[in-house]
There are 2 protein chains.
Amino acid sequence: MKQFHRRSVLSGLLAGSAGLAWPCGGIAADLDAALRVDAGRLRQNIEDFSMFGRKPGGSFADGVSRFAYSDADIAGRKFAMNLLHAAGAEPRIDAAGNILARREGSRPDLKPIMIGSHIDSVPDGGNFDGVLGSMSAIEVLRTLNENRFKLRHPLEIALWSNEEGGLIGSGAAGGVVKPEILGVTLNGIRRIDGVRRIGGDPDHLVAAHLEPNSRAAYVELHIEQSGRLEKTGTAIAIVDGIVAIDEYEVEIIGFANHAGTTPMADRHNALLAAAKLIEAVQEEITREPGWQVGNVGHLEVYPNVRNIVPGRVFHTLELRDLDAAKVKMIGDRIIARSKTIATDTGTEIHIKLVEREPAAISSPALQQKIADAAKSIGLATMHLPSGATHDGTMLTSIAPIGMIFVPSVAGISHSPKELTSWTDCANGANVLLQTVLRLDRD
Amino acid sequence: MKQFHRRSVLSGLLAGSAGLAWPCGGIAADLDAALRVDAGRLRQNIEDFSMFGRKPGGSFADGVSRFAYSDADIAGRKFAMNLLHAAGAEPRIDAAGNILARREGSRPDLKPIMIGSHIDSVPDGGNFDGVLGSMSAIEVLRTLNENRFKLRHPLEIALWSNEEGGLIGSGAAGGVVKPEILGVTLNGIRRIDGVRRIGGDPDHLVAAHLEPNSRAAYVELHIEQSGRLEKTGTAIAIVDGIVAIDEYEVEIIGFANHAGTTPMADRHNALLAAAKLIEAVQEEITREPGWQVGNVGHLEVYPNVRNIVPGRVFHTLELRDLDAAKVKMIGDRIIARSKTIATDTGTEIHIKLVEREPAAISSPALQQKIADAAKSIGLATMHLPSGATHDGTMLTSIAPIGMIFVPSVAGISHSPKELTSWTDCANGANVLLQTVLRLDRD
């Protein structure tokens, strides 16, 4: 590691900060195609990173709790800044707490190519979600610098702050985040205090806003969270886009009464109504083929007492698909079903749309670059939607976006069981590198 | 009130504590039948009692939070003890914190007739549940003493401690409560500390155990909680018995995963399984006619996050009917249904019987006495099961039990909306009084 460190800092100074231009046209196409990241170093960095948020006495397999703004997040950010330094960059922290680093290109008139991901985790999360993309972006930078490989475009590394807790960093960069959401407390930390803790300036969040269409591309490598890549034995997914999401809140009002004495026919059982609605949600989502999914993930019963007929239920409902019209249609069908259920159970059902997140469609040209990059390395590919949101969702006004997915065993994510083979990690980083090289040729 | 007070204490001293016997055979049957409680005083006592546990600035309509062992409970107990004193009795507190008062009879060889109820409430409860029976029992005592009405049997008033939080006082009296349950904390108070707070001796709970078959009868007046009395316009219900209850705990184990990325077909959704099971519970209970009821009242979802497929659900299930065999059969049918649901949803469903409470059947002879008492007052009656448990459940080894119900508007209970008309309150107290007189003749 130390040897690499010295070498890379030197390379960085030479190729990056010192601004030495690679002689134009001096690189043969077959040399570009042969360029690879250091797979061992990438693995080492991911393993090292798993220390931040690991429980005392735990191992790599125990995953991490490194939610945004926590001590673990702050320690991880420091480590990532050191890695960027070692890779030859001078990272800065913007008003939203994003870590940004820029490597100059030979053509100042060209827009930067941006790559990155996030390093915060959900509580009790895994070692790969976000970290793989972040460490790979740093590794791409370091590989370019070590090889004194000059790009025409500037290259920007972005480690977005607080992805898991609401895409706050990328949202600020995309000009999407409204200042009032900084008042919200999550995992015990108010966002405004959190942004300040990590060196941001929440009072001037707008300073983090990047100019529309100011980047040539934003590309992110991430683990694939549906299990489809692993199931089909495919190395790389080219992401068609990030799904549209409709978020609803459902309140069911019945009447709480004694569960021993109230005749069944006289009950206004809010939980029975919720049960029927949850089944209706399942039926409406699975009624026709497609990638569409939906979830009732959070549910609360009131008064939630063994011997009292539930008088009120609150639950969430979310629906996702790449096709926003389909998402809306399924929501409408569920609302229609709820009216019958309310009548049948003697309850009131209120379904309120609380958020409508549009789909973020990947740029077709960028998808082609990723496909070419994978092909050049000899990796099989397939196209998939991303059912999960990612920072790219927030960045569509800034740049055409693209995503590269690598297999995660059984599609598990947001769990200590998250696992991507080191070979797949290296494959992903190399596709990212080769994609950057192809984008640079444009 | 003050006038009554002086008179009643005097009467009590004369008829009760001073042990003056009413001349045997000196009471004509038509005089017995004419004896009535003071309806105005009963109402006043119920209204006065609503102060204990009322929220600051609230009114009678706001109900009470007077859960066992709370400051409100302790204040209410003191008030009840004063009422007993005023009624001419010398109350004592047993090891379980029950308030007991005894009025001697003319025949020391006869077993006491016991009447009573409880004065604790559920959090955010009403003014009548327990209080009506308690105030009426005290009113019966006071009426007898004011009228220097000598009974052959001793008369015992029992105000059972902590009915709502687990029938603790009556359970100790019936020898049913095991000392280990005193370690449980409910509403922020550990039972063992609570029993001590109200003047009991939790270390010697066994001292509260009454001898088997030591009482001639236990009769309790209570509000009717199903709404059937009010709906049919019937003044009095003669209770056939208190239902058998089977309590189950249900654990459904699925797999928590990302709700955006996990294909619908690959989910192991514990909440979807719970929804199907809740519907199955409803179907199995309502499949055939009868009084049987059941409830899923408490339900918890894990991790209970909007965008995570529920990985685990815990919920309660209780089933009730006067016929214990029917209760068991419905439980068995639900367990059979759960196996199909588990297979269909890719989950494991574990249903564990955690408590089997037998039915407490009212004594037929006592039911007849209640019917005769109501008839003597000219009140219409009907027979009903009690779907709720009451202290009588715990006392079947001590005495034949019987219960008198009066209408509660819409059957509402365990709610500030609990409401019984003052006429119905007085009717109930008079039926209780007349039942005592009839029991005394045996």
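**A few points about the overall build of chain A**
The helix and strand tally for chain A stands at 12 helices and 18 strands. At 24 Å, chain A has a C-alpha radius of gyration in line with the 22 Å of a compact globule built from 442 residues. By principal-axis analysis of the C-alpha atoms, chain A measures approximately 85 × 40 × 40 Å. Going through the 442 residues of chain A one by one, you find that 60% of them count as buried. In the structure as shown, chain A presents an accessible area of about 16500 Å², 55% of it carried by carbon and sulfur atoms. Distance between charge centres in chain A, computed from 46 positive and 53 negative side chains, equals 4 Å.

**Quick look at the interface of chain A and chain B**
Contacts between chain A and chain B engage 53 residues on the former and 53 residues on the latter. Where chain A touches chain B, the interface holds 8 salt bridges. Measuring nitrogen to oxygen at the nearest pair gives 3.1 Å for the salt bridge that ties Lys231 of chain A to Asp266 of chain B. The interface formed by chain A and chain B includes 22 residue pairs in polar contact (both at pLDDT 80 or more). Within the residue set of the side of chain A that touches chain B, elements represented by two or more residues are helix 8 (228-232), strand 10 (257-258), helix 9 (270-286), strand 11 (293-295), strand 12 (299-302), strand 13 (308-309) and strand 14 (312-321) of chain A. Considering every element that reaches the side of chain A that touches chain B, the biggest residue donor is helix 9 of chain A, with 9 residues. For the side of chain A that touches chain B, the class distribution of residues is 20 nonpolar, 22 polar and 11 charged.

**Details of the packing of aromatic side chains**
Inspection of the entire model under this criterion finds 14 aromatic pairs over all chains. Here the aromatic rings of Phe52 of chain A and Phe79 of chain A are separated by 5.2 Å at their centres, their planes lie at 50 degrees, and the arrangement is tilted. With Phe52 of chain A in the loop between helix 3 (39-49) and helix 4 (71-86) and Phe79 of chain A in helix 4, this pair connects stretches of sequence that are 27 residues apart. Between Phe128 of chain B and Trp422 of chain B, the ring centres sit 5.7 Å apart and the planes meet at 50 degrees, which makes this aromatic pair tilted. Highlighted residues: Phe128 of chain B in the loop between strand 3 (113-118) and helix 5 (131-146) and Trp422 of chain B in helix 12 (residues 422-441), separated in sequence by 294 residues. Relative accessible area serves as the criterion here: at 25%, Trp422 of chain B is assigned to the partly exposed category. The ring of Tyr302 of chain A has Arg312 of chain A lying over it, and the distance from NZ or CZ to the ring centre is 4.3 Å.

**Concerning the nonpolar core**
Of all hydrophobic cores here, the largest spans 58 residues; its most connected members are Leu271, Leu299 and Ile349 of chain A together with Leu271 and Leu299 of chain B. Beyond its immediate chain neighbours, meaning those up to four positions away, Leu271 of chain A contacts Leu299, Val301, Pro310 and Val313 of chain A together with Ile278, Val296 and Leu299 of chain B.

**A short note on the relation of the copies chain A and chain B**
Turning chain A through 180 degrees and shifting it by 0.1 Å along the axis lays it on chain B, with an RMSD of 0.1 Å. On this basis, the relationship between the two copies can be described by a two-fold rotation axis. Within chain A, Ala275 of chain A has its C-alpha nearest the rotation axis, a separation of 2.1 Å. In this assembly, 100% of the residues forming the interface of chain A have copies in chain B that are likewise at the interface, indicating an isologous arrangement.

**Comments concerning the pattern of salt bridges**
Opposite charge on two side chains permits them to pair, given that their charged atoms come into close proximity. Residue and element names in this part refer to chain B. Going through the model one piece at a time under the given rule, you end up with 50 salt bridges over all chains. Residue Glu288 pairs with Arg333 through a salt bridge whose shortest N-O separation is 3.3 Å. Here Arg333 lies in helix 10 (residues 324-345) and Glu288 lies in the loop between helix 9 (270-286) and strand 11 (293-295), a separation of 45 residues in the sequence. Glu288 gets classed as partly exposed once you look at its relative accessible area, which sits at 30%.

**Re helix 12 (residues 422-441) of chain A**
Given a rise of 1.5 Å per residue, 20 residues ought to cover 28 Å, and the 29 Å separating the end C-alpha atoms of helix 12 of chain A matches this to within 8%. Counted residue by residue, helix 12 of chain A has 17 buried out of 20 residues, so it is predominantly covered.

**A few points about the side chain of Ser70 of chain A**
Residues and elements named next belong to chain A. As for its position among the elements, Ser70 is in the loop between helix 3 and helix 4. Relative accessible area serves as the criterion here: at 8%, Ser70 is assigned to the buried category. Setting aside anything within four residues of it in sequence, one finds Ser70 in contact with Ile189 and Arg197.

**Things to note about the side chain of Thr345 of chain B**
Within the secondary structure layout, Thr345 of chain B lies in helix 10. Filtering out sequence-adjacent residues up to four positions away, Thr345 of chain B remains in contact with Arg267, His268, Asn269, Leu272, Ala273 and Lys276 of chain B.

**Looking at the packing of helix 9 of chain A against helix 9 of chain B**
Think of two packed helices as two axes; the pair is described by the angle between the axes and how far apart they sit. It is the contact of helix 9 of chain A with helix 9 of chain B, at a shortest axis distance of 8 Å, that shows an interaxial angle of 125 degrees. The orientation of helix 9 of chain A with respect to helix 9 of chain B, classified from their angle, is oblique. As for the relative orientation of helix 9 of chain A and helix 9 of chain B, their crossing is left-handed in sense. Residue-level contacts link Leu271, Leu272, Ala275, Lys276, Ile278, Glu279 and Gln282 of chain A of helix 9 of chain A to Leu271, Leu272, Ala275, Lys276, Ile278, Glu279 and Gln282 of chain B of helix 9 of chain B.

**Examining helix 5 (residues 131-146) of chain A**
For helix 5 of chain A, with 16 residues, the first-to-last C-alpha span of 22 Å sits near the 22 Å given by 1.5 Å per residue. Following helix 5 of chain A by one or two positions, Arg148 of chain A has its phi on the positive side, about 50 degrees.

**Focus: the packing of helix 5 of chain A against helix 12 of chain A**
Residue and element names in this part refer to chain A. Between helix 5 and helix 12, the least distance of the axes is 9 Å, while the angle of their chain directions is 55 degrees. When the interaxial angle is binned, helix 5 and helix 12 end up oblique. For the pair helix 5 and helix 12, the crossing hand works out as right-handed. Touching Leu132, Ser136, Ala137, Val140, Thr143 and Leu144 of helix 5 are Cys425, Ala429, Leu432, Leu433 and Leu437, all from helix 12. In terms of residue class, the contact of helix 5 with helix 12 is built from 9 nonpolar, 2 polar and no charged.

**So, the confidence of the model for chain A**
All names here are of chain A. In this model, chain A carries a mean pLDDT of 92, and residues with pLDDT of at least 70 account for 93%. A low-confidence stretch, residues 1-29 stays under pLDDT 50, and its non-local contacts, those more than four residues away or across chains, total 49 contacts. Both scores are given for the predicted complex: the pTM is 0.81, the ipTM 0.82.

**Quick look at the environment of Ile398 of chain B**
Residues and elements named next belong to chain B. Mapped onto the secondary structure, Ile398 falls in the loop between strand 17 (381-386) and strand 18 (401-406). For Ile398 and Ile334, which are 64 residues apart along the polypeptide, the C-alpha to C-alpha distance reads 35 Å. For Ile398, the residues in contact, after removing those within four places along its chain, are Ala173, Gly174, Leu210, Glu211, Pro212, Asn213, Ser214 and Arg215.

**Focus: unusual backbone geometry**
The linkage connecting Tyr302 of chain A with the following residue, Pro303 of chain A, adopts the cis geometry, with an omega of 0 degrees. If you trace the backbone, Pro303 of chain A turns up in the loop between strand 12 and strand 13. Look at Asn304 of chain B: it is not a glycine, yet its phi comes out positive at around 65 degrees. Assignment of secondary structure puts Asn304 of chain B in the loop between strand 12 (299-302) and strand 13 (308-309).

Criteria and cut-off values
Residues numbered from 1 in each chain as written. Chains lettered and ligands numbered in written order. Predicted model: local features only at pLDDT ≥ 70, side-chain atom pairs only at ≥ 80, totals over all residues. Heavy atoms only, no water. Helix = DSSP H or I, 4+ residues; strand = E, 2+ residues; numbered from the N terminus. Rg over C-alpha atoms; globule rule 2.2 N^0.38 Å. Buried < 20%, exposed > 50% of the residue type's maximum accessible area, 1.4 Å probe, protein only. Areas by Shrake-Rupley, 256 points an atom, 1.4 Å probe, with all protein chains shown as cover. Lys, Arg positive; Asp, Glu negative; His and termini not counted. Charge placed at Lys NZ, Arg CZ, Asp CG, Glu CD. Contact = heavy atoms within 4.5 Å. Salt bridge = Lys/Arg side-chain N within 4 Å of Asp/Glu carboxyl O. Polar contact = N/O pair within 3.5 Å; in protein donor to acceptor, adjacent residues only side chain to side chain. Nonpolar A, V, L, I, M, F, W, Y, C, P; charged D, E, K, R; others polar. Phe/Tyr/Trp six-rings, centres within 6.5 Å; stacked < 30°, edge-to-face > 60°. Lys NZ or Arg CZ within 6 Å of the ring centre and 35° of its normal. Core = buried A, V, L, I, M, F, W, Y, C linked by side-chain atoms within 4.5 Å. Least-squares fit on C-alpha atoms with pLDDT ≥ 70 in both. Expected span 1.5 Å × (residues − 1). Axes fitted to C-alpha atoms, helices over the stretch in contact; angles between N-to-C directions. Parallel < 35°, antiparallel > 145°, perpendicular 65-115°, else oblique. Left-handed = near helix turned anticlockwise from the far one by under 90°. pLDDT = per-residue confidence, 0-100.

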